[in-house]
Amino acid sequence: MAALPSGGPSGAPSPALEVVDVSKSYGTVRALQGVRFSVGAGEIVGLLGPNGAGKSTTMKAILGLLRPDAGSIRLFGAEVGTNPVATKRQIGYVPESPSLYEFLTGTEYLDFIADMYGLDRATRRERIGQFLTGLELAGHEDALISGYSQGMRQKVALIAALAHRPRLLILDEPLNGLDPRSARVTKDLLRNLASRDGVAILFSTHVLEIAQAICDRVVILDHGTVLASGTFESLRARAGLAGSGLEEVFLALTGSGDLGDVVAALER
Ligand code: ATP
């Protein structure tokens, strides 16, 4: 299998993900207009925005599930779609509502995924066992998925996305359906993956507190454009609101009713 290039022309490592001036319309609906951001190794970036802002469209374009009308998306320096098999080996993806095979047990499903990635028996047992324990799912893995709660399904989908050790993780609302303890365990796992293993993580969320608790940077989308992006500190500094919460910062950044709507939607 061909490896993806890991460095740019200057020799500096390429970001894990670069979204450059991407636009996409569905018929007359302009879903994305000139969207630009990047995610580096070991970074957790939150993609925030109200319903219809363009988060899913952005993620689908990154995954190669739809083709932008304009702009470019690069994964580890390679244009999306140029080497799809090699690209998929570098990425883990958890959709908002993962569809799992109901008639399999957790172990059977994860074995099936491990087969797809060609993981040998010892490797899969070790990795999957670690994640089952870490996410407090150990003991339930031999029950049928049809009997799992939404949170348990979410965890199985996350383990399935992590078993092949991706370098870039794309998560659509990853903490949906998790109780506070499970959300905490998942947040800790994501932070460890980024800081210890250098995994680049992009995840979408409507919940400002989650973004604030876990992300190094946020990209705020609204009506298909990037409204603001940066670290919380930089956003606070721009708004002149040191020590304030995200909500006040967002409101101050635009000073318009529009952003109030964004914040209200983000909090729903
Ligand atoms: P949500 O938080 O509700 O999932 P989102 O931020 O993910 O929203 P998108 O699903 O990317 O937003 O949608 C962006 C815009 O594109 C919206 O106006 C939406 O109605 C429109 N859209 C998305 N998918 C399609 C489609 N298949 N056909 C037509 N319009 C679409």
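Residues numbered from 1 in each chain as written. Predicted model: local features only at pLDDT ≥ 70, side-chain atom pairs only at ≥ 80, totals over all residues. Heavy atoms only, no water.

### Quick notes on the pattern of salt bridges
Then, in step 1: Enumeration according to the criterion identifies 11 salt bridges in this entry.
Then, in step 2: Note that E102 is salt-bridged to R153, the shortest N-O span being 2.6 Å. On the criterion of sequence distance, the pair formed by E102 in the loop between β6 (91–94) and α3 (106–116) and R153 in helix α5 (residues 150–162) is long-range, its members being 51 residues apart.
Then, in step 3: Residue classification places E102 among the partly exposed positions, given a relative accessible area of 35%.
Then, in step 4: Residue R124 pairs with D115 through a salt bridge whose shortest N-O separation is 2.8 Å. (Salt bridge = Lys/Arg side-chain N within 4 Å of Asp/Glu carboxyl O. Helix = DSSP H or I, 4+ residues; strand = E, 2+ residues; numbered from the N terminus. Buried < 20%, exposed > 50% of the residue type's maximum accessible area, 1.4 Å probe, protein only.)

### Structural notes on the pairing of strand β2 (residues 29–39)
Then, in step 1: By the bridge criterion, seven bridges tie strand β1 (residues 17–26) to β2 in an arrangement that is antiparallel. What sits directly across from V19, in β2, is F37.
Then, in step 2: Taking the residues that link successive antiparallel strands as the turn, the β1-β2 hairpin has two residues, and the phi of G27 there is positive, at about 60°. (Pairing = 2+ DSSP bridges.)

### Regarding the packing of α3 against helix α4 (residues 121–134)
Then, in step 1: Taken N-terminus to C-terminus, the directions of α3 and α4 make an angle of 135°; their axes are 11 Å apart at the nearest point. Classified by the angle between their axes, α3 and α4 sit oblique to one another. By crossing handedness, the relation of α3 to α4 is classed as right-handed. Along its contact with α3, which presents L110, D111, A114 and D115, the element α4 presents R124, I128 and L132.
Then, in step 2: Grouping the constituent residues of the contact of α3 with α4 by class yields four nonpolar, no polar and three charged. (Axes fitted to C-alpha atoms, helices over the stretch in contact; angles between N-to-C directions. Parallel < 35°, antiparallel > 145°, perpendicular 65-115°, else oblique. Left-handed = near helix turned anticlockwise from the far one by under 90°. Contact = heavy atoms within 4.5 Å. Nonpolar A, V, L, I, M, F, W, Y, C, P; charged D, E, K, R; others polar.)

### Some points on a nonpolar patch on the surface
Then, in step 1: On the surface, Y101, F103, F112 and M116 cluster together to form a nonpolar patch covering roughly 450 Å² of accessible area.
Then, in step 2: Taking the relative accessible area as the measure of exposure, M116 reaches 52% and is therefore exposed. (Patch = residues over 30% accessible without salt bridge, like charges linked within 9 Å, V, L, I, M, F, W, Y side chains within 5 Å. Areas by Shrake-Rupley, 256 points an atom, 1.4 Å probe, with all protein chains shown as cover.)

### Here's the deal with the nonpolar core
Then, in step 1: Among the nonpolar cores identified, the biggest contains 46 residues, and Y109, L169 and I201 are the most heavily contacted of them.
Then, in step 2: Of all the elements, α5 adds the most residues to this core, at eight residues.
Then, in step 3: Both domain 1 (14–90 + 167–255) and domain 2 (97–165) contribute no fewer than three residues apiece to this core.
Then, in step 4: If we ignore the near neighbours within four places in the chain, the residues touching I201 are V39, E43, I44, V45, L169, L171, L190, L193 and A194. (Core = buried A, V, L, I, M, F, W, Y, C linked by side-chain atoms within 4.5 Å. Domains from an automatic or database assignment.)

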